[in-house]
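Overview (structure and organization)
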Amino acid sequence: MTQDRTLLFIGATTRALRTAKEFGLNVVLLQHRNKFEAEQAALADVTFVADYTDWSAVRPLAQAARERWGITAALALTDPALDALGRINDLFGLGGTGHEVCRRFRDKYEMRRHLAAHGAPAIGAEPLKSRDDLTSFGDRYGYPFIVKPTDAAAGIGVFRVDGPADADAAWRRVLGLRETGVNRGCGYLFPLTGFLMEEYVDGPEFSVEAFSFSGRHVVVAVTEKLTSDAHFAELGHTVPARITSAQEELVATAATGFLDAMGLADGPSHTEIRIGPRGPVVIESHNRIGGDRITDLVEAVYGIDLVAYAIGRPFGLVEELTERPRPRCGAAVRFLDAGPGRVAAIDGLAELRSRPDVIAADVFAKVGDVVGPVLDNNDRLGLVAATGPDGDAAVKLCEELLENTLNVQVVNP
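Predicted model only: the values in this text are computed from it and were never measured. (Residues numbered from 1 in each chain as written. Predicted model: local features only at pLDDT ≥ 70, side-chain atom pairs only at ≥ 80, totals over all residues. Heavy atoms only, no water.)

1. Things to note about the overall build of the chain
Here is the rule we go by: The helix count covers DSSP runs of H or I at least four residues long, the strand count covers runs of E at least two residues long, and both are numbered beginning at the N terminus. Values of the radius of gyration come from C-alpha atoms, whereas the globule rule sets the reference at 2.2 Å times the count of residues to the power 0.38. Using a 1.4 Å probe on the protein chains alone, a residue whose accessible area is under 20% of its type maximum counts as buried, one over 50% counts as exposed, and one in between counts as partly exposed. What sets the accessible areas is the Shrake-Rupley method with a 1.4 Å probe; for residues, cover comes only from the shown protein chains. Neither His nor the chain termini are counted; the positive set is Lys and Arg, and the negative set is Asp and Glu. The atoms used to mark charge sites are NZ of Lys, CZ of Arg, CG of Asp and CD of Glu.
Scanning the chain from N- to C-terminus turns up 13 helices and 19 strands. A compact globule built from 413 residues should have a C-alpha radius of gyration of about 22 Å, and the chain, at 21 Å, falls within 12% of that. Once the C-alpha set of the chain is aligned to its principal axes, its extents read approximately 60 × 50 × 45 Å. Within the chain, the fraction of its 413 residues that count as buried is 54%. By element, 47% of the accessible surface of the chain is carried by carbon and sulfur atoms, the whole surface being about 17400 Å². Both charge centroids of the chain, one from 43 positive and one from 57 negative side chains, sit 3 Å from each other.

Spelled out as structure tokens, the structure:
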């Protein structure tokens, strides 16, 4: 392998590996056994299978790869792998985002503490260590407020405390999550040991998809989110967000100011923001691309492949973005909630995937599976993503296809 074109890719998807190989890169893949697919071994030049959340396992493998093949750059595009990425960048002096900045993004309480210490806009937040902390926080900041793990994603373990009477149930829920964790979807990759409380921000939610070039942040897209009051799973995304130019500027400015405060200089970011009574508030952020097919929506609307940018940027294989791109259409994704029960039939996927205006159509369960109610993103049953002349048309098409074409029949188990 050519040492100056070798990428250590932690937790890569098969699609991302294909992109790396299309760039002509050599790839050393470090993959979790539960995420491994046979095609990945065929694409990568070298494959290690290990728990990439365990630094004691990752470090010797990374050092061996560095000594044997040389590593020009390291990359991770999924939350559980970002801690290892930061440590590897520091260990080998590779540049890119180091461990301290990665930790600020991963640890949601550390993010709040860091913002407050640096005078950046922040909401009230405190660590949750005992049942009495819940009452004290409510007395100080009012109700409702949010309880969430300090290190998780996909809405895992997030819930709202509406009043003092909820404290006992909330504390039992935290103790249960600490004891058993979450084994749905990617939940097993998060420890769910630390929790925090933070003020609830009531207002519409958006995410900002950005890419940073040596400290210069380019907002690629502002994404509109569809949420529910019943849970913290996201039910849809629309690109571009259907908001006024003034609102979009507020959200974009809040995101880039946040990235400056956090110390992110290079690579992709996905920052979730709500516009509350006090203006835009960062809910959380990630130094990675957005999930939930957001990158596919962005590529359809703007012609920019953020996965390719993340892979090609360290090797100088993509041109820097100089300004925000202009949308050429609209795109949306809507998720299916059909549980709880047993999946009895799945129909319509082939028809959906044959349509030129459909970006993606997926069902995450198979016939015979028993599915539960929606608590977080891992509980959604499927999705349809589509394009349209604008966001309204794309949303309407997704909803029609979910209603009339994709049939996931769920019956009582």
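So much for the structure itself; the text now carries on.
2. A look at the sheet that holds strand S2 (residues 26–31)
We apply this condition: One bridge is not enough; two strands pair if DSSP finds at least two bridges between them. In this analysis, axes come from line fits to C-alpha atoms, helices being fitted only over the stretch in contact, and the angle between any two N-to-C directions falls in the range 0 to 180 degrees. When checking whether two residues touch, look at their non-hydrogen atoms; a contact exists if any pair is within 4.5 Å.
A sheet is described by the order of its strands in space; here four strands give the open sequence S3-S2-S1-S4, paired in parallel fashion. If you trace the sheet from one side to the other, it starts and ends with strand S3 (46–49) and strand S4 (73–76), each paired once. Taken pair by pair, the neighbouring strands of this sheet meet at an average axis angle of 20°, ignoring direction. Two elements, S2 and S3, share four bridges in a ladder whose sense is parallel. From the neighbouring strand, Val 28 faces S3, where its bridge partner is Val 46. Together, strand S1 (6–10) and S2 form the strand contacts of helix H1 (residues 14–22), whose direction differs from that of S2 by roughly 160°.

3. With respect to the packing of aromatic side chains
Defined as follows: Pairing of aromatic rings covers Phe, Tyr and Trp, the last counted by its six-membered ring, and requires centre-to-centre distances within 6.5 Å; plane angles under 30 degrees mean stacked, over 60 mean edge-to-face, and any other angle means tilted.
Tallied over the full model, the rule gives eight aromatic pairs. Ring centres of Phe 211 and Tyr 309 lie 5.7 Å apart, and the angle between their planes is 65°; on these two criteria the pair is classed as edge-to-face. Taken together, the residues span a long stretch of sequence, with Phe 211 in strand S9 (residues 205–213) and Tyr 309 in helix H11 (residues 306–312) at a distance of 98 residues. Its relative accessible area of 1% is what places Phe 211 among the buried residues.

4. Some thoughts on helix H9 (residues 245–262)
Note the following rule: Here the expected length of a helix is defined as 1.5 Å per residue gap, with one fewer gap than residues. The directions considered for the arc are those from the helix axis to the C-beta atoms.
Taking 1.5 Å of rise per residue, 18 residues should cover 26 Å, and H9 covers 26 Å from first to last C-alpha, within 8% of that figure. Of the positions making up H9, those classed as buried are Glu 248, Val 251, Ala 252, Ala 255, Phe 258, Leu 259 and Met 262. One side of H9 carries all its buried residues, which in axial view fall inside an arc of 125°. Away from its buried face, by an angle of more than 90 degrees, H9 presents the exposed residues Ser 245, Ala 246 and Asp 260.

5. Side note on the nonpolar core
Which entries qualify depends on this criterion: Among buried residues, those of type Ala, Val, Leu, Ile, Met, Phe, Trp, Tyr and Cys that are joined through side-chain atoms within 4.5 Å constitute a nonpolar core.
Leu 7, Phe 9 and Ile 311 are the most contacted members of the largest nonpolar core, which totals 41 residues. Filtering out sequence-adjacent residues up to four positions away, Phe 9 remains in contact with Ala 16, Leu 17, Val 27, Val 28, Leu 29, Leu 30, Leu 75, Leu 77 and Ile 311. Counting residues in each nonpolar core, the second largest holds 23 residues, with Tyr 52, Val 58, Ala 65 and Trp 69 among its members.

6. Thoughts on the packing of helix H5 (residues 99–106) against H9
We apply this condition: Each angle receives one of four descriptions, namely roughly parallel if under 35 degrees, roughly antiparallel if over 145, roughly perpendicular if within 65 to 115, and oblique otherwise.
Packing of H5 against H9 leaves a shortest axis separation of 10 Å and a crossing angle of 130°. Between H5 and H9, the crossing angle belongs to the class labelled oblique. On the side of H5, the interface is formed by Val 101, Arg 104 and Phe 105, while H9 contributes Phe 258, Leu 259 and Met 262.

7. A look at the side chain of Thr 238
With respect to the helices, strands and loops of the structure, Thr 238 is situated in strand S11 (residues 236–239). For Thr 238, a relative accessible area of 0% gives the class buried. When neighbours within four sequence positions are excluded, Thr 238 is seen to be in contact with Val 222, Thr 223, Glu 224, Ala 331, Ala 332, Arg 334, Gly 391 and Val 395.

8. Observations concerning the pairing of strand S10 (residues 216–226)
Counting buried positions over the eleven residues of S10 gives nine, a clear majority of the element. Here S9 pairs with S10 via eight bridges, running antiparallel. Along S10, the bridge assignment pairs Phe 211 with Val 218. In this structure, the hairpin formed by S9 and S10 is closed by a connection of two residues, where Ser 214 is found at a positive phi of approximately 50°. As paired elements, S10 and S11 share three bridges and run antiparallel to each other. Directly across from Leu 226, in S11, lies its bridge partner Gly 236.

9. So, the pattern of salt bridges
In plain terms, the rule: Salt bridges are defined as contacts in which a side-chain nitrogen from Lys or Arg sits within 4 Å of a carboxyl oxygen from Asp or Glu.
Counted according to the given criterion, the structure contains 32 salt bridges. The salt bridge partner of Arg 18 is Glu 39, with a shortest N-O separation of 3.0 Å. With Arg 18 in helix H1 and Glu 39 in helix H2 (residues 38–43), this residue pair connects regions lying 21 residues apart in the sequence. A salt bridge links Arg 293 to Asp 362, with the nearest nitrogen and oxygen atoms 2.8 Å apart. Of this pair, Arg 293 sits in the loop between strand S13 (279–286) and helix H10 (294–302) while Asp 362 sits in strand S16 (residues 358–363), and the two are 69 residues apart along the sequence.

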